[in-house]
Amino acid sequence: MLSAVELEQRRERIAASPELQALARRQTERAAAWLARPAVGLPPKALLTADGGFCPDDGTVLTFDPWSPASHRCPRCGRTWAGERHDRAWARFGHLWLAEWAAALATVATVADSAAADAAATRAVEILRGYADRVFDYPNRDNVLGPSRLFFSTYLESIWLTDYLAAATLLREAGRLPADAAEGVGVVAEESANLIGEFDEGLSNRQTWHNAALAAIAVWFEDADLAGRAVSEPSGMLAHLVEGFGEDGLWYEGENYHLFALRGQLVAMGWARQAGMDLLEDERLAARLAAALRAPALTALPNYTFPARKDSRFGLSLAQPMYLELWEVGLARLGDPGSDVWSWLRRLYAAPTPQAETFDAYLHEAGEPPPAARSRADLSWWALLEMVPSLPDEAAPWRPESVLLERQGLAILRRDTSEPGAADSDESGTALHSPQRYASLECGRLGGGHGHPDRLHLTLFAGGVHWLADPGTGSYVSDDLFWYRSTLAHDAPRLDGHSQPPGEARCEAFEVGDAWAWVRGRYGELSRTLVAGDYLLDLVELSAPEDRVLELPWHLAGRVDLLTPGGWTAEAWDERFVTAPERFTGNTAAGVVLRAVGAGGAALTLHLRFDGTLLRATVPGRPGDPEPATMYLVRARGRGVRLVAVLEDLPGAPAVLAVRSAGEAIEVETAAGVDRHLATGTGWEIGTGPAAVRLGGLRRTAGPPKPLIDLNRATPATASASWLRHEPPMDGSLDGFDAAAPLTLDYDDQYRRSEEPYAGPEELSATVLANWNDDALFIGVDVVKAEVVVRPDEAPPLRLDNEPDDIHADGVQLYLRPEADGPVYGFLVVPAGEDGRIRVRPVSDTAGTAEMVTGAWQPTGTGWSLSLRVVPPGWAPRPGDALGFDILVNEMHPDRLRRAGQLVWSGGGGWVYLRGDRQAPTAFGRLELR
């Protein structure tokens, strides 16, 4: 990623810096040890499955040992496992590790002063040649997310390619890349350009890496047009820097994807600079990058982990070496020695040293024991090429404070809870985190496809304990994914026993005063107010036109004791992941008090006031914890409901004596007196005796303006269903159907593809007939296809991911919505055997049941056909009714693991990846009954 001139300048800078020399020596030592071991061959194509790479006994992720491609150890039980699926799961990191090592070896060969430079260059060239010789042996097939040869997703190919081309470019600039190897690199780059360039993921964390790969390809081929596209396209680097990170600097998909996208963005911008486009020459873009580097420090928990919001890995330290490099490289490029983020970086180096996790974009320490203390000398080749000689001494101190990240909608209320006179720095003067209470409220954006239904979630970290945590997400291929993506798994309110529908909340008020601070968020009919002082006051309110059931879960860490007299009795509660439900039988008129005790004797007292029921149940623990947890839940019913909670976390004996709700006011009695809390027209008031503290900060947030005429709005598909006097025979044929108004699926823009584009109506097309009578809706489907792929009832499970196996067979997905705002009935229907039987499965997150659909299928001379009788609840049709309707035809080939694509009646085209059996109701067409 450096030119020949820059390489020479870097050598001089390394020679003048003791810290850079230490890193260079470490790189050279690691390279020598690596070269002394037997070479590892190229891995097979990577495969993502639900059982590959996981311990069959306990589900733990198997350790990635780069030197053991065929034997894989479970870190929990210690057993080793073998098999193709484990090997191909290992291959995901195996390919990435080899490319990363190629770049590391090339760096040693071109920058470090070492007698091993020639050996490092030789081995790096061997890796480059190996992939060039075999690239077309890897099939672009059965991928999960985008076209790829080596992997199952395009973004992995992009990450791999940036390291691969970094190695090749460094060697070329240093005159160490033979001509034939350079020619082979060009073949690989061109093929990857074709794959990556056609799979644009828009404003996605993965697209940052696609941009990086395309920019690297542009540098390799000296293609100015391609470089310009990678920078300036609607989903290019500029858009990601401006729109993805936003004005508050935080990536819209949350901290986990912020850190991943930020690395991709920095890599991309480095390649763009080599192509002659230095984005940081624009002061506004430099300021946006500075905000992106600062944002994770603003939201970090007091133990240096990031909050696991949205689809995040739980409990991950920001002192991970992968993250340290983000600040090293980013701050070095900005060139501001006075930035307080340098002080934040010092804190991370002084924090407890975490073992390096396995990341797609960072495998520098894979297969090596973790250092007892990590320093700048332990970082990777990338840091050696870019970081400053030493951390600047003139940096402003870092002081974490309460903050509202405006665009993200995340409000954080911090309070120092240290004892007077407690030290806040070590003997060297390095600043340490004081004991701190950290409370945050989620009142912002959903976060796209990685968002969770957790609007108004409350996080609390105090006394060194993460009392209330956002659980993030465990594994995408584990069944508990559906738990962590539910409202019930969060400390967030839900209505009527269902997870929150997708949507965004808004922050209505935020102000921080000397003794008190507050925030209020709103999500539809729900609001949540958090007032922070010596204790936390939490108020959840429902205001609805009709009675609704409001539930508020509490997932407390530590051992929880019930301080209010009373017992528990079994309670009926039939919900997935919830077991052993019980109801509290004590008197709740004066409230209920729970006390949680955590590590080191830290304690949290929770006072609850509500007019309803207190429940508890066993639920999954936090990700990575094999033990189940106990969830407490307050349930109340009404149009106007208030749930009041006071949380006390200060050291020493509890000071809160009682909590009362007196009309609109809330009274909190403490040893020092009674605090009277009241919402006012201008904000929030806390009265203690004659004194009163008034908090304002009301915010007026309007939604984006809607155009008078939206030219981009899609016109919904429409069709008609004819009335039938006599019911068709339902034998799999279309006999007895009225074919006067067929629905056709035979256009390119109706096809969602995987790796291959639509082959045309001669290879795949469908005709659908829709009829009805007073008893049912009748659907006939005739599919043109060379060979029907049937998945029989007794077929073994595919264990690919969390999607139903039947999407990977020929069949249909059918969706009905009889009422505009009513439930959706979705069905996945596939041929089940040669005798004409069908298998019906309800579509996830719909009200459909298998009993609503009957029918049969049969092969035809040109493909296969299907006839269905559908009876949704309350079927009472009338001529002129219009139903929300859609039908999708899945295409499977005999030589594939995953479906090839699908025809969609409502249209839209695009890609079939990650869609499972779902179809957004907003895409449905209209089926008119005639």
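A few points on the structure.

The rules behind these values
Residues numbered from 1 in each chain as written. Predicted model: local features only at pLDDT ≥ 70, side-chain atom pairs only at ≥ 80, totals over all residues. Heavy atoms only, no water. Helix = DSSP H or I, 4+ residues; strand = E, 2+ residues; numbered from the N terminus. Rg over C-alpha atoms; globule rule 2.2 N^0.38 Å. Buried < 20%, exposed > 50% of the residue type's maximum accessible area, 1.4 Å probe, protein only. Contact = heavy atoms within 4.5 Å. Areas by Shrake-Rupley, 256 points an atom, 1.4 Å probe, with all protein chains shown as cover. Phe/Tyr/Trp six-rings, centres within 6.5 Å; stacked < 30°, edge-to-face > 60°. Lys NZ or Arg CZ within 6 Å of the ring centre and 35° of its normal. Pairing = 2+ DSSP bridges. Axes fitted to C-alpha atoms, helices over the stretch in contact; angles between N-to-C directions. Core = buried A, V, L, I, M, F, W, Y, C linked by side-chain atoms within 4.5 Å. Parallel < 35°, antiparallel > 145°, perpendicular 65-115°, else oblique. Left-handed = near helix turned anticlockwise from the far one by under 90°. Nonpolar A, V, L, I, M, F, W, Y, C, P; charged D, E, K, R; others polar. Salt bridge = Lys/Arg side-chain N within 4 Å of Asp/Glu carboxyl O. Lys, Arg positive; Asp, Glu negative; His and termini not counted. Expected span 1.5 Å × (residues − 1).

### A short note on the overall build of the protein
At step 1: Assigned secondary structure in the protein consists of 15 helices and 37 strands.
At step 2: On C-alpha atoms alone, the protein measures out to a radius of gyration of 30 Å, which is about the 30 Å that the 2.2 N^0.38 rule sets for 930 residues.
At step 3: Each principal axis of the C-alpha distribution contributes one length, and for the protein these read about 90 × 85 × 60 Å.
At step 4: Counting all 930 residues of the protein, 57% fall into the buried class.
At step 5: Across the protein, contacts joining residues at least 24 apart in sequence account for 67% of those joining residues at least 6 apart.
At step 6: Accessible surface, the protein: about 37,000 Å² in total, of which carbon and sulfur atoms supply 50%.

### Description of the packing of aromatic side chains
At step 1: Going through the model one piece at a time under the given rule, you end up with 29 aromatic pairs.
At step 2: Positioned above the aromatic ring of W67, the side-chain terminus of R37 is 4.1 Å from the ring centre.
At step 3: Against the face of W573 rests R635, its NZ or CZ located 5.1 Å from the ring centre.

### Examining the sheet that holds strand β5 (residues 436-442)
At step 1: In spatial order, the strands read β3-β4-β5-β6-β7; together these five strands make up an open sheet with antiparallel pairing. Of all the strands in the sheet, the pair left with one neighbour each is β3 (403-405) and β7 (465-468). Recorded for the sheet is a direction-independent mean angle of 15° between the axes of neighbouring strands.
At step 2: With respect to the sheet, helix α11 (residues 283-299) is in contact with β3, β4 (410-416) and β5, its orientation differing from that of β4 by roughly 55°.

### Some thoughts on unusual backbone geometry
At step 1: The phi dihedral of K310 is positive, around 60°, even though this residue is not glycine.
At step 2: As for its placement among the helices and strands, K310 is situated in the loop between α11 and α12 (321-334).

### Examining the nonpolar core
At step 1: Grouped together as the largest cluster of nonpolar side chains are 138 residues, with contacts concentrated most on W160, Y164, L165, Y323, W327 and W344.
At step 2: Top element by residues in this core is helix α3 (residues 84-110). It accounts for 15 residues.
At step 3: Leaving out residues up to four positions away in the same chain, L165 has contacts with V185, A189, A216, I217, W220 and W271.
At step 4: By size, the runner-up hydrophobic cluster in this structure holds 49 residues, among which are L495, F584, A602 and L643.

### Let's talk about the packing of helix α2 (residues 18-35) against α3
At step 1: The geometry of α2 relative to α3 is characterised by a closest axis approach of 10 Å and an angle of 125° between their N-to-C directions. Relative to α3, the element α2 is oriented oblique. The crossing of α2 and α3 is left-handed. Along its contact with α2, which presents Q27, T28, R30, A31, W34 and L35, the element α3 presents W97, L98, W101, A104, L105 and V108.
At step 2: Per-class residue counts for the contact of α2 with α3 are nine nonpolar, two polar and one charged.

### Overview of the pairing of strand β9 (residues 506-512)
Every other side chain in a regular strand lies on the same face of the sheet, so the side chains alternate between the two faces.
At step 1: Here six bridges tie β9 to strand β10 (residues 517-523), and the two strands are oriented antiparallel to one another. What sits directly across from E511, in β10, is W518.
At step 2: Joining the antiparallel neighbours β9 and β10 is a turn of four residues.

### Thoughts on the sheet that holds strand β21 (residues 665-670)
Paired through their backbone hydrogen bonds, the strands of a sheet run either parallel or antiparallel.
At step 1: Reading across from one edge, β20-β21-β22-β23-β24 is the order of the five strands in this open sheet, with antiparallel pairing throughout. The open sheet has two free edges, formed respectively by β20 (656-662) and β24 (691-695), since each of these has just one partner strand. Taking the axes of each pair of neighbouring strands and ignoring which way they run, one obtains an average angle of 20° across the sheet.
At step 2: Of the strand pairs in this sheet, β21 and strand β22 (residues 673-680) are connected by five bridges, and their pairing is antiparallel. Its bridge partner lying in β22, V668 is registered against D675.

### Details of the pattern of salt bridges
At step 1: Here the structure, examined in full by the defined rule, presents 67 salt bridges.
At step 2: Here E325 makes a salt bridge to R263, at a shortest N to O gap of 3.1 Å. Placement of the pair is E325 in helix α12 and R263 in helix α10 (residues 255-274), with a sequence separation of 62 residues.
At step 3: With relative accessibility at 5%, the residue R263 sits in the buried group.
At step 4: A salt bridge links E406 to R699; the nearest nitrogen and oxygen atoms lie 2.3 Å apart. In this pair, E406 is assigned in the loop between β3 and β4 and R699 in the loop between β24 and β25 (718-723), connecting sequence segments 293 residues apart.
At step 5: Taking relative accessible area as the criterion, E406 reaches 46% and is therefore assigned partly exposed.

### Topic: the packing of helix α6 (residues 179-197) against helix α7 (residues 205-221)
At step 1: The N-to-C vectors of α6 and α7 enclose an angle of 145°; their axes lie 10 Å apart at closest approach. Of the two elements, α6 crosses α7, and the hand of that crossing is left-handed. Taken together, the residues of α7 that come into contact with α6 (itself represented by A182, V185, G186, A189, E190, S192, A193, I196 and G197) are H210, A213, L214, I217, W220 and F221.
At step 2: Grouping the amino acids of the contact of α6 with α7 by side-chain chemistry returns 10 nonpolar, four polar and one charged.

### Some remarks on the environment of C55
At step 1: Along the chain, the position of C55 falls in the loop between α2 and β1 (72-73).
At step 2: Between the alpha carbons of C55 and L165 there is a distance of 35 Å; along the sequence they are 110 residues apart.
At step 3: Beyond its immediate sequence surroundings of up to four residues, C55 is in contact with T60, L62, C74, C77 and W81.

### A closer look at the side chain of D163
At step 1: As for its position among the elements, D163 is in helix α5 (residues 154-173).
At step 2: Here D163 occupies a buried position and makes no salt bridge, while the nearest side chain of opposite charge, R263, is found at 6.7 Å.
At step 3: Here D163 is in contact with A99, E100, A103 and W381, once residues within four sequence places are set aside.

### Let's talk about α5
Residues three or four positions apart in an α-helix share a direction because the helix packs 3.6 residues into each turn.
At step 1: With 20 residues, α5 extends 28 Å between its outermost C-alpha atoms, agreeing within 8% with the 28 Å of an ideal straight helix rising 1.5 Å per residue.
At step 2: Trailing α5 by a residue or two, G175 shows a phi angle of about 75°, which is positive.

### Observations regarding the environment of G600
At step 1: Along the chain, G600 turns up in the loop between β16 (592-597) and β17 (603-609).
At step 2: The exposure class of G600 is exposed, given its relative accessible area of 87%.
At step 3: Residues G600 and G463, spaced 137 residues apart in sequence, show a C-alpha to C-alpha distance of 9.0 Å.

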